[in-house]
Structures are given as structure tokens and as C-alpha cells.
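Residues per chain are reported as follows:
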Amino acid sequence: MMRQRNPGRGDEVMGEGVFIGDVEEPARSSKLDKSGQSEGGCWKYLSLLMIVATVLSLCLNAYQFKLIDGYLRDIQELNDTHNNKHSEWEADRHSVEECR
């Protein structure tokens, strides 16, 4: 760091003057930096994890709903087929009894 001083002034307080360049700030302790980062980082990662878990849960629920809907359609189709076959067998049985 470069500093200019006026050599003619005797009443100048030590440490005062015109500074050229950046002023360095005193370094903070690493203990404060680590504790501040760990608290903020923990919440950041926890919120990210919760968002990912929520999205995965919603996707899984949508997939299961679609899967169950397909199964319900298959069951309805089997019930309709069963009712049609049962009606045909009843009609055949009545026609055989009428022929006797």
C-alpha cells in the first residue's frame, strides 16, 4: 500500500495521510466466517433437498394415479365382458329349455 505524507506539517497525527490504492480491512477471524457459512449453507441445502423431495413425490403420485386408472379401466372392461358372456349363457340356457 502506498501512502503520501506531507513532510512540511509537523502537527500531523501518525497514520493520517492521503492513501493511494486499496485500503486493507482487518481480517475477520476464520471462526466467524465458518459459523456464518455453515448456518446459511445448511438451510440452503435443506431447502433444496425438500424441493427435490416434493417434486419427486408429486411425480410419483401422478404416475401411480395413471397406473391405477389403467387398472380400473381393465377391471371395468373385464366386468363388462363377464356380464355379456353371462347374458349369452342365460339366453342359450333358456332357448335349450324351450326346445325340450
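Predicted model, so just to flag it, every value in this text is computed and none were measured. (Residues numbered from 1 in each chain as written. Predicted model: local features only at pLDDT ≥ 70, side-chain atom pairs only at ≥ 80, totals over all residues. Heavy atoms only, no water.)

What the protein chain contains, in helices and strands, is one helix and two strands. Secondary structure of the protein chain in N-to-C order comes out as β-β-α. Counting over 100 residues, the protein chain shows a buried share of 1%. Accessible area for the protein chain stands at about 9900 Å²; split by element, carbon and sulfur atoms hold 59% of it. (Helix = DSSP H or I, 4+ residues; strand = E, 2+ residues; numbered from the N terminus. Buried < 20%, exposed > 50% of the residue type's maximum accessible area, 1.4 Å probe, protein only. Areas by Shrake-Rupley, 256 points an atom, 1.4 Å probe, with all protein chains shown as cover.)

Across all of its chains, the model carries two salt bridges by this definition. As a salt-bridge pair, Arg73 and Asp69 come within 3.2 Å of each other at their nearest N and O atoms. Here Arg73 and its partner Asp69 are both found in helix H1 (residues 30–99), four residues apart, which amounts to about one turn of the helix. In this structure Asp69 comes out as partly exposed when scored by relative accessible area, which is 30%. Ionic pairing is found between Glu90 and Arg93, a salt bridge with its closest N-O pair at 3.6 Å. (Salt bridge = Lys/Arg side-chain N within 4 Å of Asp/Glu carboxyl O.)

Turning our attention to the confidence of the model for the protein chain. Confidence in the prediction for the protein chain averages 79 pLDDT; 60% of positions are at 70 or higher. Between the elements of the protein chain, mean pLDDT differs from a low of 60, seen in strand S1 (residues 2–4), to a high of 87, seen in H1. (pLDDT = per-residue confidence, 0-100.)

As a further point, take a nonpolar patch on the surface. On the surface, a cluster of nonpolar side chains totalling about 470 Å² of accessible area is made up of Trp43, Leu46, Leu49 and Met50. For Leu49, a relative accessible area of 54% corresponds to the exposed category. (Patch = residues over 30% accessible without salt bridge, like charges linked within 9 Å, V, L, I, M, F, W, Y side chains within 5 Å.)

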